[in-house]
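Spelled out from the first residue to the last, the chains are:
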Amino acid sequence: MVRIRMQVTYLKMELKRAGKQIPALYAGVALLLLLCGTTAFLASRMLYGGAAVERVPVGVSMPAEDQLAKQVVRMLTSLDSVKSVCDFLYMDRESGMEALEKGDIYAMLDVPENFVQGILNGQNTPVTIWTANDTGIEERVFQELADAGALTLSVGQAGIYAGNELYHIYGLDESIARLEQDLNNQYMDYGLRRTIYFRHQNVQATGDIGALPFYEISAYVLFLFLAAIPVSGYLLPWKKTMVQKLKLAGISMGSQVGARIIGMGCLLLLGSLPVILILTVTEQIRCSGILAVVWPLSCGAAASVVVFLYRVAGNMLGGIMLLFLVMFGQHFLAGGILPLVFLPHSIQRLAPWLPSAILMESMKMAISETWDYKKAGACVILILAAWLAGILAERKRQ
């Protein structure tokens, strides 16, 4: 009982220390609100303003005598999903390669002879594509379009091969030619009429929420981490003598780190209150039971990560620099600045394990008003992992 009473007293002391940081917290919050709000607005406008990206000039080289290939390529380039991004320039191969080296075009397509016939008879003669170096998001968008086209053709070929095998098993070899013709017509019709799907389903780079809510969540998560900077003095670890006295009083290292996380979580809860009020008043988010759970949970998760980083740094300047660099770095890798669809696949696999991604996914529950135990559980696991890591870091520092 005595030990529990001492731990409760220590927690009250931490909360009292945290309360003294409220004026400094709100001074920093005012500046962060301006910064994060501007970032969210400009980022969403840049991604879905007048155009998602700059126009992508693409060179196309085709055999002069292959009229069928020319017709198919022109039909493909007329698709809304393609022509909204790409400008196709028809030229010979030598001129195209020269323009690619100069940077006048982003990519060069070299269509081989008998390209369409190769698709129909199963030879699958590939189209050679050269891309320029360091072209940014535009190259990534063009690559996604090219991969989508290749996958569409692959599905068609797989269906034809499966049909051939089925007819062969049942002894219908004489009907295979007719089957191939019918399937080719079906798959070519499907591939060339992809525009109908874009009329009925709006696909966004930001996933299942709009661009503005996505960047509002992103700015909120970044705000939680950066809001710790104005109260850095509260986050500094105890000196060695104080740690020893606390241990003698029955306050373990785990209790010390846990109490600091609770105190910092309360500060972030108070600091983020204006943000939540703004989002609810502007009807960007609705007051609900999910919000009542997710909001404190996100503050606790951010507080645990912040406390861990300051334990690693050991001093104020080091803590601020470490917090700033690590949080911005992992926030970018988590898809908080540029949506994951534009990042390499290796980063996309890493992103779900990063703190910003975990917090953003949890806040999406409040936007969609759909409870997800996995996302909430990920926040709880992040808190426990950061708490244990903070204990280890503090023991190593001592």
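Scope of this entry: the structure provided in the associated data block. (Residues numbered from 1 in each chain as written. Predicted model: local features only at pLDDT ≥ 70, side-chain atom pairs only at ≥ 80, totals over all residues. Heavy atoms only, no water.)

### Here's the deal with the pattern of salt bridges
Right, on to step 1. Using the criterion set out here, one finds seven salt bridges in the structure.
Right, on to step 2. Between Glu14 and Arg17 there is a salt bridge, with its nearest N and O atoms 3.2 Å apart. Of this pair, Glu14 and Arg17 both sit in helix H1 (residues 2–19), three residues apart, which is roughly one turn of that helix.
Right, on to step 3. Residue classification places Arg17 among the partly exposed positions, given a relative accessible area of 22%.
Right, on to step 4. For Glu394, the salt bridge goes to Arg311, with nearest N and O atoms at 3.2 Å. With a gap of 83 residues between them, Glu394 in helix H18 (residues 373–397) and Arg311 in helix H14 (residues 289–313) connect regions that are remote in the sequence. Like Glu394, the residue Arg311 is buried in the burial classification.
Right, on to step 5. Through salt bridges that share partners, Glu14, Arg17 and Arg260 make up one connected network. (Salt bridge = Lys/Arg side-chain N within 4 Å of Asp/Glu carboxyl O. Helix = DSSP H or I, 4+ residues; strand = E, 2+ residues; numbered from the N terminus. Buried < 20%, exposed > 50% of the residue type's maximum accessible area, 1.4 Å probe, protein only.)

### Comments concerning the packing of helix H10 (residues 211–226) against helix H15 (residues 316–333)
Axes are the key here: two packed helices are described by the angle between their axes and the distance separating the axes.
Right, on to step 1. Two elements in contact, H10 and H15, have axes separated by 10 Å at closest approach and are oriented at 160°. On the basis of their axis angle, the class for H10 and H15 is roughly antiparallel. Viewed along their axes, H10 and H15 form a crossing whose handedness is right-handed. Counting all contacts with H10, which are made through Ser218, Val221, Leu222, Phe225 and Leu226, the residues of H15 involved are Leu323, Phe324, Met327, Phe328, Gln330 and His331.
Right, on to step 2. Here the residues of the contact of H10 with H15 are counted per class, giving eight nonpolar, three polar and no charged. (Axes fitted to C-alpha atoms, helices over the stretch in contact; angles between N-to-C directions. Parallel < 35°, antiparallel > 145°, perpendicular 65-115°, else oblique. Left-handed = near helix turned anticlockwise from the far one by under 90°. Contact = heavy atoms within 4.5 Å. Nonpolar A, V, L, I, M, F, W, Y, C, P; charged D, E, K, R; others polar.)

### A few points about the nonpolar core
Right, on to step 1. Judged by nonpolar contacts, the single largest core of 62 residues is most densely connected at Tyr220, Leu224, Phe225, Leu235, Met264, Leu268 and Leu359.
Right, on to step 2. At 14 residues, H14 tops the list of elements feeding residues into this core.
Right, on to step 3. When near neighbours in sequence (up to four residues on either side) are disregarded, Phe225 contacts Ala302, Val305, Val306, Leu323, Met327, Gln330, Pro355, Ser356 and Leu359.
Right, on to step 4. If you look at the next biggest cluster of nonpolar residues, it comprises ten residues, including Val58, Val60, Phe88 and Leu109. (Core = buried A, V, L, I, M, F, W, Y, C linked by side-chain atoms within 4.5 Å.)

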